[in-house]
Protein chains: 2
Amino acid sequence: MATLREVAAAAGVSTATASNVFNGTGRVSDAVRARVVETAAALGYAGPNPAAASLRRGRVGIIGVVLAEGLGYALGDPAAGAFLAGVAEVGDAADVGLTLLPVPPGRPDRTGPTARGLPTLERAIVDGAIVYSIEEDSPALPTLVARRLPLVAVDSPRDATEAPWVARVLVRDRDAAADAATHLAALGHRRVAVVVDRLTSAARTGRAPWSQARQATSSVIRERLAGYADAWRRAGLPLSALEVHEAGANSVEAGQQLARDLVTARAPVTAVACVSDVLALGMTQGARELGLGVPRDLSVVGFDDSPLAAQVGLTSVAQPLREKGETAARALLAALAGQPVEARTELPATLVVRGSTGPPAQGEAARPR
Amino acid sequence: MATLREVAAAAGVSTATASNVFNGTGRVSDAVRARVVETAAALGYAGPNPAAASLRRGRVGIIGVVLAEGLGYALGDPAAGAFLAGVAEVGDAADVGLTLLPVPPGRPDRTGPTARGLPTLERAIVDGAIVYSIEEDSPALPTLVARRLPLVAVDSPRDATEAPWVARVLVRDRDAAADAATHLAALGHRRVAVVVDRLTSAARTGRAPWSQARQATSSVIRERLAGYADAWRRAGLPLSALEVHEAGANSVEAGQQLARDLVTARAPVTAVACVSDVLALGMTQGARELGLGVPRDLSVVGFDDSPLAAQVGLTSVAQPLREKGETAARALLAALAGQPVEARTELPATLVVRGSTGPPAQGEAARPR
DNA sequence: TTGAAAGCGTTACCAA
DNA sequence: TTGGTAACGCTTTCAA
C-alpha cells in the first residue's frame, strides 16, 4: 500500500502539498495538483488512510447508535427502523457516518479497564453515541460515559451515572399510555391485560404482580405501565383487573404465544394493551388463530404506531419515532460541535384509534360510557 | 483528555507496560497492574484511543455494509433487516463491528481523488465492506475498489470494475422467479403484471416495455424479470400478456397506488408478481381497498419471503436472507484474515405457496391446468 | 517482568 | 503557493 509520503516523494512535492491535494484544502496550483493525482494513480494510492487522518484530526466523523438486543432483533422492530432513519437523515446531511453498536442483554457486567466486557463499546471508533432505549441495568451507558464521549440517551430519563453532559431525549409516553387505558375503559372494558416483552433482563413469561412490574428495568416500560395504571385508577377500576403479562420477547411470535395463554385463562380479558406494535400484531394473530374476532372478542392496542400499525389497522400510541431520531442526532452533533445542548427534550405521543379496539362483547362487562 | 503516556508517567511505568495493562497482552505483575489501573482512574483516563490503536495495529475491527437507498429506506424493507441480522451475527461472533454506509441513488458520480463524490465511502473507517444489492451504475463499488478494500458484493453478478478480489454472493432467484410465473400460469392466469420498484435510478411509474425492462440497472431485478419471462414463454404464453410495471419505489404505499392503476385498466390482469414482499403487500391492500378479493379477483406473489409474508399469508419466493448475510460476512472475514475466499457463492431460492394465489375468477381466463 | 524507542500515515502550523 | 516538521496516541519488537 502506497502512502502519502511515497506519493509526495514520487511527485516531487512535500507531504503537506500532497495532503492538500487530497483534502481540497489550501491552495495548490493546477500543475502540481495534476502531477500528484497522476502519480497517485500510477502508484495505486488509495487515498488518505482514514484511521491516520482521524487520529491526526481528533475526530472520526462517525457517531454510534447503541441498540439493545442485538442487531437482528432490533431491526425486527419497525420502530427501531424509523428511529434509525431519523438519525441517519441528520447524520447524512452532516456527512457523518453511523456505526451500529448492538448490546445483547445479559452479557456479564464486568468492570475495570482490563476486563473486556463490552469490547465493542469500549473500542468503538466514534465521536459520540446515541444510546437507544436500553435497560437501566445495562453496562452500556457507564462504559460509554467512562470514555467521556458526548452522549445522547434516548428513552432513559434516569441517569445512574451522574454524568452531567449526557443529553436526554424522551417521549411523554406515560400520558399517552394513560390515554390508551382510558380509551379501553371508556369502551367498557373491565378486565384488561397489559403486555410487555419483559420486565427484567431475564426472559420470563406469564403474569407478573404489579409490585414487580413497577421495578421494570427499562424506564420506558415503567413509564408506560405507570400510565396505564394511572388511567385505570382514575377510571375507578381496581388494579387487580389490569393484569401485567410478560411475553418473553418483543416479537410477533411471542405475542402470538401469549395470546393463546391469555385467551384460555379462567377469567379472560376483553382487551390487551401492548408496549409495542409487534407484540400487538402477535396478539391479534394469536387471537384470530383461536377463532376470536378483533375487536369483537378482543380489543388490541399497540404502541409506537409503526408503519405496521397503519397497515393492519391497529389502534396504537403514536410516538414521533423519526423525529426522535432526528432530535437525538441533532443534539449529538451540536454537542460534538461544542455548542450548548438541551439537557432534556420531551416529545409528545398521542393515541391513534383504529379498528382493533371496540366495546367488549355484550355481557362481558359494563356498557360503553 | 489524559493519554496513555501521562498515565504511564504518573504511575511510574513505561508506556509499554501501561499498554499491556490495557490490552491484557503480555505479562504484567499484579502490583504494577493495580497501580496503573488506579492511576488511570485518578486521571480520568478513558482507555486507549481507538483511532490511534487502529492506526498502529493496521486494522480497525469494523466492516462496512453498503446499502442502496439511504438508511431509512433500506431499513423499511424487512428483507434488508434479515440480511443485516445475518451479517451482524457473524460479525458479533468475531468481535467485529458494523458500520452502515448508505448510498442514496442519484448522487453525482464524480471521480478522481480530488472530487469528493462519496465522502462517506471514501473515508469510512472499515477493514472491508459488504456491498448489498446496489444498482450497477452506482459509483459505490468503484469507489471502494479504488481503496483496495477487501470486498464482498451481494446480488451483483457482473463486476464492472474487474477487481479480481471482490467475492460475490448470489441467490439463484432467476429459477425461483420462473417457478412463481409457472405457478401462476398453471393456476390459469393468462394476463399477469410483473411489478418492480423501478428499472433505473430515475423513479418512474407505469408500464414499461420489455425492451426497457431487460436493461434494468439492478441485476437482481433483471434476473427476476428474466425468470418470469422464461417461464412465461415456456408455458407457451405471449410476452405481451406479461406486463412490466414500475411502482416508483419499494414501499407499501407505492404498491398500493399502483394497484389502483392496474385494477382500473382496460384489460385488467388477474395476477401480479412483485419483486418484493413490501410491494406485494401494497398491491394486496390496494386491491382490497377497491373491493377486490385476494386471491379471488387478484392473485399476488411477493419476493423475499420476509417475515411479513408469513404473517399475512403471502405466496412468495423465499431466499435465505439471513444465510445470505452470514455467508457474505464469513467471506469478508476470511478475506480479512488472508484466507482464500470462494469467488462466487450461489444460494438457492424457492417458491413458497400461501393463500394469496389461486385460480382467476371464472371467465377471466382458461381453467387451471 | 519491564523499558526504550521506532514508527503507524496523516494533518496543520509556520516559514519561506 | 509550497515545504519542513512536529505532533496525534498508541503498539510492538528487542533488549535488559
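Computed from a predicted model, the values in this text were never measured in an experiment. (Residues numbered from 1 in each chain as written. Chains lettered and ligands numbered in written order. Predicted model: local features only at pLDDT ≥ 70, side-chain atom pairs only at ≥ 80, totals over all residues. Heavy atoms only, no water.)

Novice: How should I be thinking about the relation of the copies chain B and chain A in this particular structure?
Specialist: These two copies of the chain differ by a rotation about an axis and a displacement along the same axis. For the pair chain B and chain A, the relating rotation is 180°, the translation along its axis is 0.1 Å, and the fit reaches an RMSD of 0.1 Å. Between the two chains, the operation in question is that of a two-fold axis. In terms of proximity to the rotation axis, the leading residue of chain B is Thr99(B), whose C-alpha is 2.2 Å off the axis. A shared interface surface links the copies, since 98% of the contact residues of chain B are contact residues in chain A too. (Least-squares fit on C-alpha atoms with pLDDT ≥ 70 in both. Contact = heavy atoms within 4.5 Å.)

Novice: How should I be thinking about the interface of chain B and chain A in this particular structure?
Specialist: Often the size quoted for an interface is simply the accessible area lost on bringing the parts together. Counting from both sides, the interface comprises 43 residues of chain B and, opposite them, 42 residues of chain A. There are 0 salt bridges connecting chain B and chain A. If you look at where chain B meets chain A, you find 7 residue pairs in polar contact (both at pLDDT 80 or more). Those elements that place two or more of their residues in the side of chain B that touches chain A are helix H2 (15-23), helix H3 (30-43), helix H4 (50-57), helix H5 (71-76), helix H6 (78-93), strand E2 (97-103), helix H7 (119-123) and helix H13 (277-289) of chain B. Here the side of chain B that touches chain A takes 6 residues from H4(B), the largest share from any one element. Of the residues contributing to the side of chain B that touches chain A, the split by class is 27 nonpolar, 9 polar and 7 charged. (Salt bridge = Lys/Arg side-chain N within 4 Å of Asp/Glu carboxyl O. Polar contact = N/O pair within 3.5 Å; in protein donor to acceptor, adjacent residues only side chain to side chain. Helix = DSSP H or I, 4+ residues; strand = E, 2+ residues; numbered from the N terminus. Nonpolar A, V, L, I, M, F, W, Y, C, P; charged D, E, K, R; others polar.)

Novice: Help me understand the protein's contact with DNA strand C, please; the structure alone is not making it clear to me.
Specialist: Surveying the vicinity of DNA strand C reveals 26 residues, the closest of which are Leu4(A), Ser19(A), Arg56(A), Arg27(B) and Val32(B). Ser19(A) has a polar side-chain atom sitting 2.6 Å from a phosphate oxygen of DNA strand C. One of the side-chain N or O atoms of Asn23(A) is found 3.2 Å from a phosphate oxygen in DNA strand C. Taken together, the residues of the surface near DNA strand C break down into 11 nonpolar, 11 polar and 4 charged. (Near = heavy atom within 4 Å.)

Novice: Help me out: how do you make sense of the protein's contact with DNA strand D in this one?
Specialist: The immediate surroundings of DNA strand D are formed by 26 residues, with Arg27(A), Ser29(A), Leu4(B), Tyr45(B) and Arg56(B) found nearest. Counting only atoms of DNA strand D within 4 Å of the protein, the sugar-phosphate share comes to 68%. At 2.8 Å from a phosphate oxygen of DNA strand D is found a side-chain nitrogen or oxygen belonging to Ser19(B). The separation between a phosphate oxygen of DNA strand D and a polar side-chain atom of Tyr45(B) is 2.5 Å. For the surface near DNA strand D, the elements supplying multiple residues, two or more each, are helix H2 (15-23) and helix H4 (50-57) of chain A together with H2 and H4 of chain B. Looking at side-chain class alone, the surface near DNA strand D contains 11 nonpolar, 11 polar and 4 charged residues.

Novice: Teacher, can you tell me more about the packing of H2(B) against H3(B) here?
Specialist: Think of two packed helices as two axes; the pair is described by the angle between the axes and how far apart they sit. Residue and element names in this part refer to chain B. Viewed as axis vectors pointing N to C, H2 and H3 meet at an angle of 85°, and their least axial separation amounts to 10 Å. Classified by the angle between their axes, H2 and H3 sit roughly perpendicular to one another. Between H2 and H3, the residues in contact are Thr 17, Ala 18, Asn 20, Val 21 and Phe 22 and Val 32, Arg 33, Val 36, Val 37 and Ala 40, respectively. Classifying every residue of the contact of H2 with H3 by side-chain character gives 7 nonpolar, 2 polar and 1 charged. (Axes fitted to C-alpha atoms, helices over the stretch in contact; angles between N-to-C directions. Parallel < 35°, antiparallel > 145°, perpendicular 65-115°, else oblique.)

Novice: I'm lost on the packing of helix H12 (residues 252-263) of chain A against helix H13 (residues 277-289) of chain A in this one. Help?
Specialist: All names here are of chain A. Contact pair H12 / H13: the axes reach a minimum separation of 7 Å and the direction vectors enclose 45°. Judged by the angle between their axes, H12 and H13 are oblique. Considering how the two elements wind past one another, H12 and H13 form a crossing that is right-handed. Here H12 contributes Val 252, Gly 255, Gln 256, Leu 258, Ala 259, Arg 260 and Leu 262 to the contact with H13, which in turn contributes Val 278, Leu 279, Leu 281, Gly 282, Met 283, Gln 285, Gly 286, Ala 287 and Glu 289. (Left-handed = near helix turned anticlockwise from the far one by under 90°.)

Novice: What am I meant to see in the pairing of E2(B) here?
Specialist: Looking along a regular strand, one sees side chains alternate from face to face of the sheet. Counting buried positions along E2(B) yields 7 of 7 residues, so the element is predominantly enclosed. Side chains Gly97(B), Thr99(B), Leu101(B) and Val103(B) project from E2(B) onto one buried face, and the interleaved Leu98(B), Leu100(B) and Pro102(B) project onto a second face that is buried too. Pairing of strand E2 (residues 97-103) of chain A with E2(B), which is carried by 3 bridges, proceeds in the antiparallel orientation. Each bridged residue has a counterpart across the sheet, and for Leu98(A) the counterpart in E2(B) is Leu100(B). Across 7 bridges, strand E1 (residues 62-68) of chain B lies against E2(B) in parallel orientation. Looking at the pairing, Val65(B) lines up with Leu100(B) of E2(B). (Buried < 20%, exposed > 50% of the residue type's maximum accessible area, 1.4 Å probe, protein only. Pairing = 2+ DSSP bridges.)

Novice: Please explain the sheet that holds strand E10 (residues 299-304) of chain B as it appears in this structure.
Specialist: Backbone-to-backbone hydrogen bonds join strands into a sheet, with any given pair of strands oriented parallel or antiparallel. Residue and element names in this part refer to chain B. With mixed pairing, 7 strands are arranged side by side in an open sheet as E7-E8-E6-E9-E10-E11-E13. This sheet does not close on itself; its edge strands, each paired only once, are strand E7 (206-208) and strand E13 (350-352). Neighbour-to-neighbour, the strand axes of the sheet open up by a mean angle of 25°, direction not taken into account. Relative to E10, strand E9 (residues 271-274) runs parallel, the two being bridged by 3 bridges. Counted as the bridge partner of Ala 273 is Val 301 from E10. On the sheet, helix H9 (residues 173-187) packs against strand E6 (192-196), E9, E10, strand E11 (315-318) and E13 and is oriented at approximately 170° with respect to E10.

Novice: What am I meant to see in the sheet that holds strand E11 (residues 315-318) of chain A here?
Specialist: Residue and element names in this part refer to chain A. A sheet is described by the order of its strands in space; here 7 strands give the open sequence E7-E8-E6-E9-E10-E11-E13, paired in mixed fashion. Of all the strands in the sheet, just strand E7 (206-208) and strand E13 (350-352) have a single pairing partner and so form its edges. Across the sheet, the mean angle separating the axes of adjacent strands is 25° when strand polarity is ignored. Here 5 bridges tie strand E6 (residues 192-196) to strand E8 (residues 242-246), and the two strands are oriented parallel to one another. The residue bridging Ala 193 from the neighbouring strand is Glu 243, located in E8. Sheet contacts for H13: E6, strand E9 (271-274), strand E10 (299-304) and E11; angle to E10, the most-contacted strand, approximately 160°.

Novice: Can you help me understand the pattern of salt bridges in this one?
Specialist: Side chains bearing opposite charge may pair, as long as their charged atoms lie close to each other. Residues and elements named next belong to chain B. Scanning the entire structure with this criterion turns up 35 salt bridges over all chains. The shortest N-O distance in the salt bridge between Arg 174 and Asp 230 comes to 2.8 Å. In this pair, Arg 174 is assigned in helix H9 and Asp 230 in helix H11 (residues 219-234), connecting sequence segments 56 residues apart. What makes Arg 174 partly exposed here is its relative accessible area of 30%. Look at Asp 230 and you get buried, because its relative accessible area is 16%. For Glu 346, the salt bridge identified is with Arg 344, shortest N-O distance 3.9 Å.

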